[in-house]
Each structure stands twice: as C-alpha cells, then as structure tokens.
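# Observations on chain architecture
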Amino acid sequence: TVTQGELTSYFASHLTSAQLAPKHRATAQAAYIRSLSTLSRTAVIAEIGCLKSRLIDEFGSDKRRGFCFESNANNAAMVEERMKTAFGSHGKVHPTWWDPTVLPKKGVDLVMVSHASHILDRIGDLCTFFEDVYHRLKPGGLFFGEMAKSDIHHVRGMGENERHVRLNFLTPIGLQSYLESKGFAMLDMQITTAEDLPSADGRMIRFLYARPR
C-alpha cells in the first residue's frame, strides 16, 4: 500500500507543472454537477488537486467556504491567489494531497477530484479514501470525480514513466462497487465524450455520488 506521506512526496516532486487544464473542461465539469444538484449559497466545497483543474474556481463565492488540497509547493502563490479570488477570506489552501481532519465532520457539501489532478489513478488505498470522503460529507453532500477508464492506456498506450505510478485501472462497474460499498448513492456515472475531453479520446469515467440523507 502506498502511504499518504509517499503520495504527498510524489505529487510534490513529480507533478510540478503549473500548466492548467483547459477552462472549457472545468466549465463542462461544473455544468455537469449543476445539472444534477443545487448547492446552497453558503456551501462548503473542497477540491483535491486544485492547481491544474480550475474546477473549484467555478463554485467560488465570498459567502461559501473553499478548501483546496494541493501538495505542489512550487506554485503555492498561484493557488493562494486563485482561492482568494474565488472565496475571499473563506478560501484555504492545505499543502498536502489530502487531509480529511481539516474538514468539518459531516459538514462538507461537495468534494471534487478532477482527472486533471491524476489523483484517483494513484491512490494506494481507495477504500479508505472513499470512506474518509463519505464521513466528511453532510447527509445529502456530493462527491464528484473523474478517473481514467481501465482500457484507456491499453488503447492509447502508456509510457514507462506513467505505468509505474498509476495504481488503479477501474471499469465503471468496479468503481461503482467501491463507492457503493462505502455507502454512497449514485446520482450519475458516464463515460465522457471525445468532444468534452478530446485529450482523453472520451475514455474517462465521470461520476457524481451522494451521501444519503
């Protein structure tokens, strides 16, 4: 099993580029979430790996609280500025890939993990991670995520530098089993279209689950 410390070290030392995902991708992700849910004006929102995705920016408001988990210290100033713009004094950046203890228990409205951050592909213990997310969500709280479908690298090929760090190659059914075993209820799961994510040729699993009320 890969430890949290090892993952934090990996993300900090290897995923150091400040290149952001295309804005249309974050816009499409936010539209997907909004099409299935309604967030309150005072929602508490967290994103894991927020440097590249820009997704949390789409939900910013000075009446909401925002938590950004980002272990890439090289671009800390950029992330701090974006969170300040999005949430004012209510935006916080935590310099680690994930630390559920800083979130209010049963107090979060939305947790997000975009594939732009490559998080779900590399977590050594998905069961514990999904359980942590579940227990931080309010009843009715939402969990949005994306990860590569299991066949994407077999179809497109994958370099050696990618193969040794991608730990999880799940099918939609496999991902569904993980999430529902922790108590989540599915709102939607889909395979993204090539039009939505041309760089991935449309082979990403996108999902929105909820903690039942």
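A short tour of the structure in this document, coming up. Only a predicted model underlies this, so the values are computations on that prediction, with no experimental measurement involved. (Residues numbered from 1 in each chain as written. Predicted model: local features only at pLDDT ≥ 70, side-chain atom pairs only at ≥ 80, totals over all residues. Heavy atoms only, no water.)

### Notes on the state of the cysteines
Counted by the stated rule, this structure contains one disulfide. The side chain of Cys50 participates in a disulfide bridge whose partner is Cys68; the two sulfur atoms lie 1.7 Å from each other. With a gap of 18 residues between them, Cys50 in helix 3 (residues 50-53) and Cys68 in strand 2 (residues 65-69) connect regions that are remote in the sequence. No difference in accessibility class separates Cys50 from Cys68, as the two residues are buried. (Disulfide = S-S within 2.5 Å. Helix = DSSP H or I, 4+ residues; strand = E, 2+ residues; numbered from the N terminus. Buried < 20%, exposed > 50% of the residue type's maximum accessible area, 1.4 Å probe, protein only.)

### Remarks on the sheet that holds strand 7 (residues 204-210)
Strands sit in the order 3-2-1-4-5-7-6 across an open sheet of seven strands; the sheet is mixed. One side of each edge strand has no neighbouring strand; the edge strands of this open sheet are strand 3 (91-94) and strand 6 (185-191). The sheet shows a mean angle of 10° between the axes of neighbouring strands, taken without regard to direction. Sheet topology note: the strand 2/strand 3 ladder contains four bridges and is parallel. What sits directly across from Gly66, in strand 3, is Gly91. Here helix 5 (residues 126-136) sits on the sheet and contacts strand 1 (44-48), strand 4 (108-113) and strand 5 (137-148); the angle it forms with strand 5, its principal contact strand, is near 145°. Contacting strand 5, strand 6 and strand 7, helix 8 (residues 172-181) crosses the sheet at an angle of about 25° to strand 7. (Pairing = 2+ DSSP bridges. Axes fitted to C-alpha atoms, helices over the stretch in contact; angles between N-to-C directions. Contact = heavy atoms within 4.5 Å.)

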